[in-house]
Amino acid sequence: MSPDRGPLVLLARPEDVLRAGGRHLLTPAERRRAAALRSRADRDAHVAAHLLVRHCAATHTGRPVETLELVQRCDGCGSIEHGRPSIAGLPGLHVSLAHTRGAVVAGADRRPVGVDVEGAPARPPDPATLTTALTDAEAAAVRTAADPSAAFLRSWVRKECLVKVGALTLDGLSRVGLDPATDRVAEDGRTRSRFGPLHLVDWFDPVLGVAVAAAGSTPPVVGTPGPWAVRTP
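Every value quoted in this text rests on a predicted model; they were computed, and no experiment measured them. (Residues numbered from 1 in each chain as written. Predicted model: local features only at pLDDT ≥ 70, side-chain atom pairs only at ≥ 80, totals over all residues. Heavy atoms only, no water.)

**Q** Can you explain the environment of Glu30? Please cite residues and give values.
**A** Structurally, Glu30 is set in helix α2 (residues 28-35). By relative accessible area, which is 0% here, Glu30 ends up buried. Placed 40 residues apart in sequence, Glu30 and Leu70 show a C-alpha to C-alpha distance of 8.6 Å. Setting aside its immediate chain neighbours within four residues, Glu30 contacts Leu25, His46, His50, Arg54 and Leu70. (Helix = DSSP H or I, 4+ residues; strand = E, 2+ residues; numbered from the N terminus. Buried < 20%, exposed > 50% of the residue type's maximum accessible area, 1.4 Å probe, protein only. Contact = heavy atoms within 4.5 Å.)

**Q** Summarise helix α5 (residues 136-143); cite the residues concerned and give the values.
**A** Residues that lie three or four places apart on an α-helix share one face, since the helix turns once every 3.6 residues. Considered for burial, the residues of α5 that qualify are Glu138, Ala139 and Val142. Seen along its axis, α5 keeps its buried residues to an arc of 100°; they face one direction. α5 presents Asp136, Ala137 and Arg143 as exposed residues on the side facing more than 90 degrees away from its buried surface. For α5, the elements touching its buried residues are α4 (127-133) and α6 (148-165). (Arc of directions from axis to C-beta.)

What follows is the structure, given as structure tokens:
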């Protein structure tokens, strides 16, 4: 496995990942879940995310992507139809993936990692959504922001990646706030922040029109290897 350089995070367009090939690498369970999605765009994004996380794991470990099998198992019920993803035979590697229409993201690390990506909503969040996802202070900040939709989206992707890393639960989002005092805009334009011992990075990608966030025990490293690399105009 590669030296401990922090979580590796890859962002891509679904079509670029699919163009690189590899559909044959998907397990029957992955193909079945993809086929159950009604929209072709959703199916493509699902497949692309499951392929990109393999490439992310291969880059992080130095192993051929063809040897990596992605599996899922629910810690609660034991089902293989949902649950936290992992790479079979590599218990020391943690992976995470997410997709939305037009963008997929994946992460891999030797310690728990969480990633999320969401497209910009068509309208500002409704009061019920704010109450469910944000603390009172966060909701007030969103309402008074210059762009309430963008402000909410940023809070959402950061909290979602913290859920995936195991630091938050979906039913506890409104009880835990993210401290804006830890925000620091890096030279690459991405915002880096802290949540207790965890490091977060988040940004809005103007090419794909999506908000992205990743969390890990050490600062996430956003990489661009491969033919799916997102290029700025």
